Amino acid sequence: QGHLIESGGALVQAGDSLRRSCAASGRTRSGYIMAWFSQGPGKEREYVAAVRWSDGVVDYAVSVCGRVTISRDFAQKTMYLQMNSLKAEDAAVYFCAAGFPPWTTTQLSETRHYLYWGQGTQVNVSS
């Protein structure tokens, strides 16, 4: 359905907030899902959150509940990730993704379900 373009990398201080964006090209289709993943140094890529394009329903990984908010602008075909109270552990490369995974947390967390990926951008958190 097209490629994904993420906002640039960022350097923030612990405790700060940061908003990420991911713009999609092409058309959306039935079942279209966009999601955020993160990958810290030496770690596997981990699921963060997802949004169902049709109605904006969201899902979050248990580990990030309460600290992040995912949203989408339907008209602009853009997804956002608002991150608050950033910690050093949040430093990672953040990837946006799109595909057609089943709508359960378990399935949404599987990278194999996503057909499109953003380039990945580095977020650094300083003390």
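Residues numbered from 1 in each chain as written. Predicted model: local features only at pLDDT ≥ 70, side-chain atom pairs only at ≥ 80, totals over all residues. Heavy atoms only, no water.

*Asks:* Mind showing me how you'd approach the state of the cysteines here?
*Replies:* The term disulfide refers to a covalent linkage connecting the sulfur atoms of a pair of cysteines. Scanning all chains against the criterion turns up 1 disulfide. The side chain of cysteine 22 participates in a disulfide bridge whose partner is cysteine 96; the two sulfur atoms lie 2.1 Å from each other. Its torsion about the S-S bond being 60°, the disulfide of cysteine 22 and cysteine 96 is classed as right-handed. Of this pair, cysteine 22 sits in strand S3 (residues 18–24) while cysteine 96 is found in strand S9 (residues 92–99), placing the two residues 74 residues apart along the sequence. (Disulfide = S-S within 2.5 Å. Helix = DSSP H or I, 4+ residues; strand = E, 2+ residues; numbered from the N terminus.)

*Asks:* Explanation requested: the packing of aromatic side chains in the structure shown.
*Replies:* Given two aromatic rings, their pairing is described by the distance between the two centres and the angle made by the two planes. Applying the stated rule across the entire model yields 7 aromatic pairs. Relative to tryptophan 117, the ring of phenylalanine 37 lies with its centre 5.2 Å away and its plane at 50°, an arrangement referred to as tilted. On the criterion of sequence distance, the pair formed by phenylalanine 37 in strand S4 (residues 33–39) and tryptophan 117 in strand S10 (residues 114–117) is long-range, its members being 80 residues apart. When the centroid spacing of 6.0 Å and the interplanar angle of 65° are considered together, the rings of tyrosine 114 and tryptophan 117 count as edge-to-face. (Phe/Tyr/Trp six-rings, centres within 6.5 Å; stacked < 30°, edge-to-face > 60°.)

*Asks:* How should I be thinking about the environment of isoleucine 70 in this particular structure?
*Replies:* In this fold, isoleucine 70 is placed in strand S7 (residues 68–73). It is 8.5 Å that separates the C-alpha atoms of isoleucine 70 and tryptophan 36, two residues lying 34 residues apart in sequence. Sequence-distant contacts of isoleucine 70, that is, excluding residues within four places in its chain, are made with Met34, Trp36, Ala49, Ala50, Val51, Val58, Tyr60, Met79, Tyr80 and Leu81. (Contact = heavy atoms within 4.5 Å.)

*Asks:* In this structure, what is going on with the pattern of salt bridges? I would like to understand it.
*Replies:* Close approach of charged atoms allows side chains of opposite charge to pair. Per the counting criterion, the structure on display carries 4 salt bridges. With a shortest N-O distance of 2.9 Å, arginine 52 and aspartate 55 are connected by a salt bridge. For the salt bridge of lysine 87 with glutamate 89, the shortest nitrogen-to-oxygen distance reads 3.8 Å. (Salt bridge = Lys/Arg side-chain N within 4 Å of Asp/Glu carboxyl O.)

*Asks:* What should I look at first to understand the nonpolar core in this one?
*Replies:* Burial of nonpolar side chains together is a common tendency in soluble globular proteins. Counting residues in hydrophobic clusters, the biggest one holds 36 residues, and the most contacted among them are Leu4, Met34, Trp36, Tyr47, Met79 and Leu81. Of all the elements in the fold, those that place two or more residues in this core are strand S2 (10–13), S3, S4, strand S5 (46–52), S7, strand S8 (78–83), S9 and strand S11 (121–126). Every residue in contact with methionine 79, bar those within four places of it in the chain, is listed here: Arg20, Ser21, Cys22, Met34, Ala35, Trp36, Val51, Trp53, Ile70, Ser71, Arg72 and Cys96. (Core = buried A, V, L, I, M, F, W, Y, C linked by side-chain atoms within 4.5 Å. Buried < 20%, exposed > 50% of the residue type's maximum accessible area, 1.4 Å probe, protein only.)

*Asks:* Would you take a moment to explain the sheet that holds strand S1 (residues 4–6) for this structure?
*Replies:* Through backbone hydrogen bonds, the strands of a sheet pair up, either in parallel or in antiparallel fashion. Reading across from one edge, S1-S3-S8-S7 is the order of the 4 strands in this open sheet, with antiparallel pairing throughout. The open sheet is flanked by S1 and S7, the only strands paired with a single partner. Between one strand and the next, the sheet's axes are offset by a mean angle of 20°, whatever the strand orientation. In this sheet, S8 lies alongside S7 in antiparallel orientation, the contact comprising 6 bridges. Looking at S8, one finds that aspartate 73 is bridged to threonine 78. (Pairing = 2+ DSSP bridges. Axes fitted to C-alpha atoms, helices over the stretch in contact; angles between N-to-C directions.)

*Asks:* Please clarify how the environment of aspartate 90 should be interpreted in this entry.
*Replies:* Inspection of the secondary structure puts aspartate 90 in the loop between S8 and S9. Residue class for aspartate 90 comes out buried when judged on its relative accessible area of 12%. Spatially, the C-alpha atoms of aspartate 90 and glycine 40 are 7.7 Å apart, while their sequence positions differ by 50 residues. At a separation of 2.8 Å, a polar atom in the side chain of aspartate 90 contacts the main-chain amide nitrogen of lysine 87. (Polar contact = N/O pair within 3.5 Å; in protein donor to acceptor, adjacent residues only side chain to side chain.)

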